[in-house]
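# Summary of the model geometry
This is what each chain is made of:
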Amino acid sequence: MHISSQFDSGAIEILSADSPSDIRLHIRADNAAAFRQWFHFRVSGIAQQALTLRLLNAGECTYADGWHGYQALASYDRQHWFRVPTTYDGQVLTITHTPECDSVYYAYFTPYSWERHLDLVAQAAASPGVHVARLGTSVQGRDLDKICWGNGDKQVWIIARQHPGESMTEWLIEGLLERLLDAADPVARTLAQRATFRIVPNMNPDGAALGNLRSNAAGANLNREWMTPSLEKSPEVLHVRNAMHASGVDLFLDIHGDETIPYVFIDGSEMIPGYATELIEKQVAFIARLLQASPDFQCEHGYAPDRFSDEMLTLASKYVGHTFGCVSLTLEMPFKDNANLADNVTGWSAARSKRLGAALLDAVLTHCDASRR
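Counting restarts for each chain, with residues numbered from 1 along the sequence as it is written. Where local features are concerned, this predicted model is filtered to residues with pLDDT of at least 70; where side-chain atom pairs are given and counted, the filter is 80 or more; whole-chain, interface and lining totals use all residues. Note that water and hydrogens are dropped before the side-chain values are worked out from all heavy atoms of the structure.

Looking only at helices and strands, the chain features eight helices and 17 strands. Atoms counted for the radius of gyration: C-alpha only. Globule rule: 2.2 Å times residue count to the power 0.38. Over its C-alpha atoms the chain spans a radius of gyration of 20 Å, differing by no more than 12% from the 21 Å that the globule rule assigns to 373 residues. Along the longest, intermediate and shortest principal axes, the C-alpha atoms of the chain span 65 × 45 × 40 Å. Think of it in three bands: residues with accessible area under 20% of the maximum for their type are buried, residues over 50% are exposed, and the middle band is partly exposed, with areas taken using a 1.4 Å probe on protein chains only. Looking at the 373 residues of the chain, the share that counts as buried comes to 59%. Any two residues whose heavy atoms approach within 4.5 Å at even a single point are treated as in contact. Considering only intrachain contacts with a sequence separation of at least 6, the fraction spanning at least 24 residues in the chain is 75%. We get accessible surface area from the Shrake-Rupley algorithm with a probe of 1.4 Å; when it comes to residues, only the shown protein chains can shield them. Total accessible area on the chain stands at roughly 14500 Å², and carbon and sulfur atoms take up 47% of it. Positive charge is attributed to Lys and Arg, negative charge to Asp and Glu, and no charge count is given to His or to the chain ends. Charge placement uses NZ in Lys and CZ in Arg. For Asp and Glu, CG and CD serve respectively. Taken together, the 31 basic and 44 acidic charged side chains of the chain have centroids lying 4 Å from each other. Strands are runs of DSSP state E lasting at least 2 residues, helices are runs of H or I lasting at least 4, and numbering of each runs from the N terminus.

Moving on, we get to the pairing of strand β5 (residues 51-55). Burial runs high along β5: four of the five residues are buried. Paired strands, in this sense, are two strands between which DSSP finds at least two bridges. In this structure, strand β3 (residues 22-26) lies alongside β5, joined through three bridges in parallel fashion. Within the sheet, the bridge partner assigned to Ile 23 lies in β5 and is Leu 53. Both β5 and strand β9 (residues 93-97) contribute to a ladder of five bridges, which runs antiparallel. Bridged to Thr 52 within β9 is Thr 96.

With that settled, the discussion passes to the packing of helix α5 (residues 235-247) against helix α7 (residues 316-324). Between the N-to-C directions of two axes lies an angle of 0 to 180 degrees, each axis being a line fitted to C-alpha atoms and, for a helix, fitted only over the stretch in contact. At a minimum axis separation of 12 Å, α5 and α7 run at an interaxial angle of 25°. One way to sum up the angle between α5 and α7 is to call them roughly parallel. Seen from above, α5 lies across α7 with right-handed handedness. Seen from α5, the contacting residues are Arg 241, Met 244 and His 245; seen from α7, they are Tyr 319, Val 320, Thr 323 and Phe 324. By the convention adopted, Pro, Cys, Tyr, Trp, Phe, Met, Ile, Leu, Val and Ala count as nonpolar, Lys, Arg, Asp and Glu as charged, and the other residues, Gly among them, as polar. Along the lines of polarity and charge, the residues of the contact of α5 with α7 split into four nonpolar, two polar and one charged. Roughly parallel means an angle under 35 degrees; roughly antiparallel means over 145; roughly perpendicular covers 65 to 115; every other angle is labelled oblique. Crossings are assigned a handedness: left-handed for a near helix turned anticlockwise from the far helix by less than a right angle, right-handed for a clockwise turn.

With that settled, consider the nonpolar core. Within the largest apolar cluster, 86 residues are counted, with the highest numbers of intra-cluster contacts made by Phe 39, Trp 67, Tyr 106, Leu 191, Phe 197 and Leu 331. Counting residues per element, this core draws most heavily on helix α8 (residues 350-372), which supplies eight residues. Ranked by size, the runner-up nonpolar core spans 17 residues in total, among them Ile 159, Met 203, Met 244 and Ala 316. Take the buried Ala, Val, Leu, Ile, Met, Phe, Trp, Tyr and Cys residues and link them wherever side-chain atoms come within 4.5 Å; each set so joined is a nonpolar core.

By definition, the strands of a sheet pair up through backbone hydrogen bonds, in either a parallel or an antiparallel sense. Here five strands make up an open sheet; going across it, the order is β2-β3-β5-β9-β8 and the pairing mixed. The open sheet terminates on both sides in strands that have one partner only, identified here as β2 (13-19) and β8 (86-88). Each adjacent strand pair in this sheet contributes to an overall mean axis angle of 15°, direction not counted. With five bridges joining them, β2 and β3 adopt antiparallel strand pairing. Bridge assignment links Ser 16 to a residue of β3, and that residue is Arg 24.

The next thing to look at is the environment of Thr 87. The residue Thr 87 is located in strand β8 in this model. Using a relative accessible area of 52% as the deciding quantity, one classes Thr 87 as exposed. As for Thr 87 and Trp 67, which are separated by 20 residues in sequence, their C-alpha atoms are 8.2 Å apart. Once residues lying within four places of it in the same chain are set aside, the contact partners of Thr 87 are Val 92, Leu 93 and Thr 94.

The residue Arg 78 is not glycine, and still its phi comes out positive at about 65°. Its identity is not glycine, yet Arg 161 carries a phi of approximately 65°, on the positive side. Here Arg 161 lies in the loop between β13 (154-160) and α2 (168-180).

Take the packing of aromatic side chains next. Ring geometry is summarised as follows: Phe, Tyr and Trp rings, the Trp one being its six-membered ring, pair when their centres sit within 6.5 Å, and such pairs are stacked at plane angles under 30 degrees, edge-to-face over 60 and tilted between the two. Going through the model one piece at a time under the given rule, you end up with 17 aromatic pairs. Ring centres of Phe 39 and Tyr 108 lie 6.0 Å apart, and the angle between their planes is 40°; on these two criteria the pair is classed as tilted. A residue pair is termed long-range when its members are at least 10 positions apart, and Phe 39 in the loop between β3 and β4 (40-44) and Tyr 108 in the loop between β10 (103-107) and α1 (114-125) qualify at 69 residues. Per residue, the accessibility class of Phe 39 equals that of Tyr 108, and both read buried. Their ring planes at 85° and their centres at 6.1 Å tell us that Phe 109 and Phe 335 sit as a pair that is edge-to-face. On the criterion of sequence distance, the pair formed by Phe 109 in the loop between β10 and α1 and Phe 335 in the loop between β17 (327-334) and α8 is long-range, its members being 226 residues apart. You can call Phe 109 buried: its relative accessible area is 0%. Given a relative accessible area of 0%, Phe 335 falls into the buried group. It is Arg 78 that lies over the ring of Tyr 105; its NZ or CZ is 5.7 Å from the centre. Lysine and arginine charges are scored as sitting over a ring when NZ or CZ, respectively, is within 6 Å of the ring centre and within 35 degrees of the ring normal.

A few words on the sheet that holds strand β12 (residues 143-149). Taken in spatial order, the seven strands line up as β11-β12-β14-β13-β15-β17-β16 in an open sheet, and their pairing is mixed. The open sheet has two free edges, formed respectively by β11 (130-137) and β16 (265-267), since each of these has just one partner strand. Put simply, the sheet's adjacent strands are angled 25° from each other on average, direction ignored. Here strand β15 (residues 251-258) runs beside β17; their pairing, made up of eight bridges, is parallel. The partner of Asp 254 across the bridge, within β17, is Thr 330. Here helix α3 (residues 186-194) sits on the sheet in contact with β12, β13 and β14 (195-200), set at roughly 100° to β14.

Nothing here speaks to function; it is all geometry.
So, in structure tokens, the structure goes:
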């Protein structure tokens, strides 16, 4: 038996592995910050052996309450992921599983690799009507790419994966792009005339490759850097913010995942001081259209509007809403499952994230049409 994590987004600390029934692990912290929750590792040489994997420090993780009701993900081929029995006693997260194959991968959520990201950008660049712009580099020198599509007046900005462990967000972008670039889709064809999309699929490429939960390679939580980003600490935000100021923003969507709340929901900008009544009405209309577009979405459960105070404008959606006077939303997906439409095999999944990304375009089109009137 062997346990390894020396690969893209791999993350685990091995305490002891004396027998398959007594594997003791630690969830490791981000490379330069104290955040911890993401794990991704491989166990090999264990076909048909009953494994008991104990993550002993789960109770010390950043979102320990998120372990309640959580089921870990496993895969033999890194393509098809499924949930495996997982329990949490308030301190230790225990995964029990008898693999069918010699090698099995476990992860906090379905990973979205850097190679897949490069393929996504390359495939988009090769599509008619698409322009890919390199905005700059991350702390460690990885390219930060923006995918531009459409020639309409409305400037629609969508970013994902400020928090790298929230890999469902890039899956959502993949599903959104697949529909957006489908020449036979009437919603996409209409949007091409109404809007110009500017999409950043991965805001935090270093953190994603390093297996971080919330921070970049310098230890910065990018979604607290929007007021004063810097080349040294948060170049990713600085580059994107500069591009936004160059183009303007009429609609902004910041895509995230939530460790604790088992629902898909929107966190809006209505709490920003001075936020216009007209913008709040447009936000309500956008949410109503999203409710129609996808049964996976709901608006009963979410964040309290007073969740953020002094740090409010350091968050992407609040900074953009305040600065550009536009509808500016954070969309959250669960790490666990959508409790309204539970799936015992996959829970919330990459496939469901992609479907939600495609459905988002219906709400975007309605918003762009309403703004023309």
